[in-house]
Amino acid sequence: MNSEQTAETTVDTAADTTVDTVNQGDREVLVSVSGLKKHFPIMKGVFRRQVGAVRAVDGISFDIYKGETLGLVGESGSGKSTTGKVILQLEQATEGSATFDGIELTETKGEELRKLRPRMQMIFQDPHSSLNPRMTVASIIAEPLREHGKGNAESQRKRIDELLGQVGLSPMHANRYPHEFSGGQRQRIGIARAIALNPDFVVCDEPIAALDVSIQAQVVNLLEELQDDLGLTYLFISHDLSMVRHIADRVAVMYLGRIVELATVDNLYDDPQHPYTQALNSAVPVPDPVVEASRRRQILEGDIPSPSNPPPGCVFNTRCPLAEDRCRTEVPEWRDIGGGHYVACHLVDDKSA
Amino acid sequence: MLEVSNLATEFHTPDGVVHAVNGIDFELRQGEFLGVVGESGSGKSVTMMSLLRLIPMPPGKIVSGSAMFDGDDLLEMETSDLRKVRGGKIGFIFQDPMTSLNPVLTVGKQIGESLKLHTDATTRDAKRRSLELLELVGIPDAEQRLKSYPHELSGGMRQRVMIAIALACSPKVIIADEPTTALDVTIQAQIIEIVRDLRTKLGTAVIWITHDLGVVAGLADRVIVMYGGRIVEEARVADLYATPQHPYTRGLLRSIPRLDQKGSDLQTIEGQPPSLRKAPVGCSFAPRCEFAFDRCLTDTPQLTTVGFEHRSACWWDLDNERPRDEL
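This is a predicted model, so every value here is computed, not measured. (Residues numbered from 1 in each chain as written. Chains lettered and ligands numbered in written order. Predicted model: local features only at pLDDT ≥ 70, side-chain atom pairs only at ≥ 80, totals over all residues. Heavy atoms only, no water.)

Enquirer: Requested: an account of the environment of P244 of chain B, with residues and values cited.
Expert: Residues and elements named next belong to chain B. Following the sequence through the fold, P244 ends up in the loop between α10 (237-242) and α11 (247-255). Through-space distance from the C-alpha of P244 to that of E234 is 9.3 Å; in sequence the pair is 10 residues apart. Leaving out residues up to four positions away in the same chain, P244 has contacts with E233, D239, T249, R250, L253 and L318. (Helix = DSSP H or I, 4+ residues; strand = E, 2+ residues; numbered from the N terminus. Contact = heavy atoms within 4.5 Å.)

Okay, here's the thing in structure tokens:
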């Protein structure tokens, strides 16, 4: 973020904010999602009539503050990746709103949206399929610069070297092809591409899921460094609860298209309120035989229901050990039970002061 | 009960030789739960596949070694005898239950197949036993499920069917290759609970291959850590996590975050996993090791006893911070 590049990028102002982790009250909201839904239609028959819908995301609301990392955890099919894509307008929302820096994204189209793109980027899960095998590393990283007309060939060249350095690769790597790199290095290339345009907001969609254990920490540390240096805001989507505890400031837990709980990291892991969060936490093995020997595991029965036919009432009622009658009929309200700890469960009481 | 010594497996590809497993020794005791931990390319799966000669040959080739099981060498045995061992005395559970079950046969057929092949069970016996097995692995509605095809079951249910098949002939050993890796964490917890329960009931020895140090912590009696086609450390589970003696094991444990602890800085193991194309000279971890010195690049360290039932293959003595003396 130094040299002449800064002058050329028009959208740099927001990235310069360095005050992040002040108290919640005066924190600036960067991304705000409200009542967001994404239903994929199921078509059938000769006339391709819609016979139903997969409710991938079914009415979720949350804010992401400037400079924070919001973890989004959930099992496969919970809708966490779709959420990331809908926010970035890679998928069109069915209903609801998503704003970025006060701009309503669901109503922004075409050229206007394209102008916003440099500020919102994505890091993908699979570094094998998200890099074009026929492009050199330099052209992969330069693509966003060219696409958005940042600088000339000479300054782009400089920027590429700078980016490669930032992600822990060397300028020497610029003319190689993706297949010459290991998974971890490839993910670094993907990260360089994502930060090339000095974004404010980056959706990290399972960025470490495809990597070996010893490489995961390298990539996570890199993401944290970049966040500090560039003032990035992350939506960190992952199924790895341990890693999310490490990297996130706040965490949202998704189940079957809904967010069931959202709280600060400490609250979510040390004082989980929703029965699903509690079960999820207890299911994650801890790499310590002493701890494991004394842990009480709460085993959930059954499987996650189909999102094309979610159960009525609370989506978790079919597996919830505490479910009561009203859980099967009434959708629990999404509410703040105190101190920014949100839960959607009939059985959770508000925290008394 | 199972004793493997000096096992080495290579793959001869058009681009050169891949040294997947480079001479490893270990044993499995009666009723023991042995965890085998390693990253991709560490040779953990190839090792276990080699034992039952399940690797495609060519390009694979078992270069040396023996695997004594019940008095016979699995690597020398006639193929017809080996078939009786596979799925009979040794059961196998694979990572992906979708590709390892036959999509056009019902669950009942697939369990029965194994029974009829290895025992003199009649169709009727096989059906009764299949039913028992499905109930044993906690599949609800077992009678109905016998008639189901794999695609009609969820991932967790399919993995239970795989376990049922592996258990069908009351094996002495079950080799499970990343059996929960493809599953969600709540489903993984279900499977782990079943396995734990079955062990106490049946006393089968288990070799559980995984990349997840968390999973074996709560399950295993002993753990083997593999890197670059070799065993780098072997210890009882408590010792391995409390006092790891190999820099790789120690680095790995420090690089994984824990759910039960607040975020502290993650230490990293710098560098990349080794290329298996180079002939294995010296310690394969040396290029990434903070303690590496001259000897590590030329001499291959052998597994040495460093504590009670605790062996490590490293020239550096982590505790005393000096090179180990002649081994």
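Enquirer: Give a detailed account of the packing of aromatic side chains, specifying residues and quantitative values.
Expert: All names here are of chain A. Scanning the model with the defined rule gives 12 aromatic pairs over all chains in all. Taken together, a centroid distance of 4.5 Å and an interplanar angle of 55° make the contact between Y255 and Y276 tilted. In this pair, Y255 sits in strand β9 (residues 250-255) while Y276 sits in helix α10 (residues 275-283), placing the two residues 21 residues apart along the sequence. Here Y255 and Y276 have matching classes, each one buried. (Phe/Tyr/Trp six-rings, centres within 6.5 Å; stacked < 30°, edge-to-face > 60°. Buried < 20%, exposed > 50% of the residue type's maximum accessible area, 1.4 Å probe, protein only.)

Enquirer: Could you give an account of empty space enclosed by the protein, with specific residues and numbers?
Expert: Residue and element names in this part refer to chain B. A full pass over the atoms with the stated rule returns 5 cavities of 30 Å³ or more. Size it by volume and the largest cavity reaches roughly 140 Å³. Lining of the largest cavity is provided by 13 residues; of these, I163, I174, V195, L198 and V206 occupy positions nearest its centre. Looking at the lining of the largest cavity, the elements that each hand over two or more residues are α7 (155-167), β7 (173-177), α8 (185-202) and β8 (205-210). Ranked by the residues each element gives to the lining of the largest cavity, the list is headed by α8, at 4 residues. Considered class by class, the residues forming the lining of the largest cavity number 11 nonpolar, 1 polar and 1 charged. (1 Å grid on protein atoms, 1.4 Å probe; cavity = no way out; pocket = protein on both sides within 12 Å on 5 of 7 lines; lining within 4 Å. Points joined across faces, edges and corners; volume = space filled by probe spheres on them. Nonpolar A, V, L, I, M, F, W, Y, C, P; charged D, E, K, R; others polar.)

Enquirer: Could you give an account of the environment of I208 of chain A, with specific residues and numbers?
Expert: By secondary structure assignment, the location of I208 of chain A is in the loop between β7 (201-205) and α7 (213-230). Separated by 18 residues in the primary sequence, I208 of chain A and L226 of chain A place their C-alpha atoms 16 Å from one another.

Enquirer: Quick rundown of the interface of chain A and chain B? Include the residues and the values.
Expert: On the side of chain B, 44 residues touch chain A, which itself brings 40 residues to the contact. Where chain A abuts chain B, roughly 3500 Å² becomes buried across the two surfaces, and 60% of that area is made up of carbon and sulfur atoms. The largest share of the area that chain A buries against chain B comes from V213, P287 and P289 of chain A, three residues that together contribute 17% of it. For the pair chain A and chain B, the number of links is 1 salt bridge. The salt bridge partner of D288 of chain A is R258 of chain B, with a shortest N-O separation of 3.3 Å. Here chain A and chain B share 17 residue pairs in polar contact (both at pLDDT 80 or more) between them. Sorting the residues of the side of chain A that touches chain B by element identifies α7, α8 (241-247), α9 (265-270), α10 and α11 (289-294) of chain A as the ones contributing at least two each. Top element by residues in the side of chain A that touches chain B is α7 of chain A. It accounts for 7 residues. Of the residues that constitute the side of chain A that touches chain B, the class distribution is 18 nonpolar, 10 polar and 12 charged. (Buried area = accessible area lost by both parts, 1.4 Å probe. Salt bridge = Lys/Arg side-chain N within 4 Å of Asp/Glu carboxyl O. Polar contact = N/O pair within 3.5 Å; in protein donor to acceptor, adjacent residues only side chain to side chain.)

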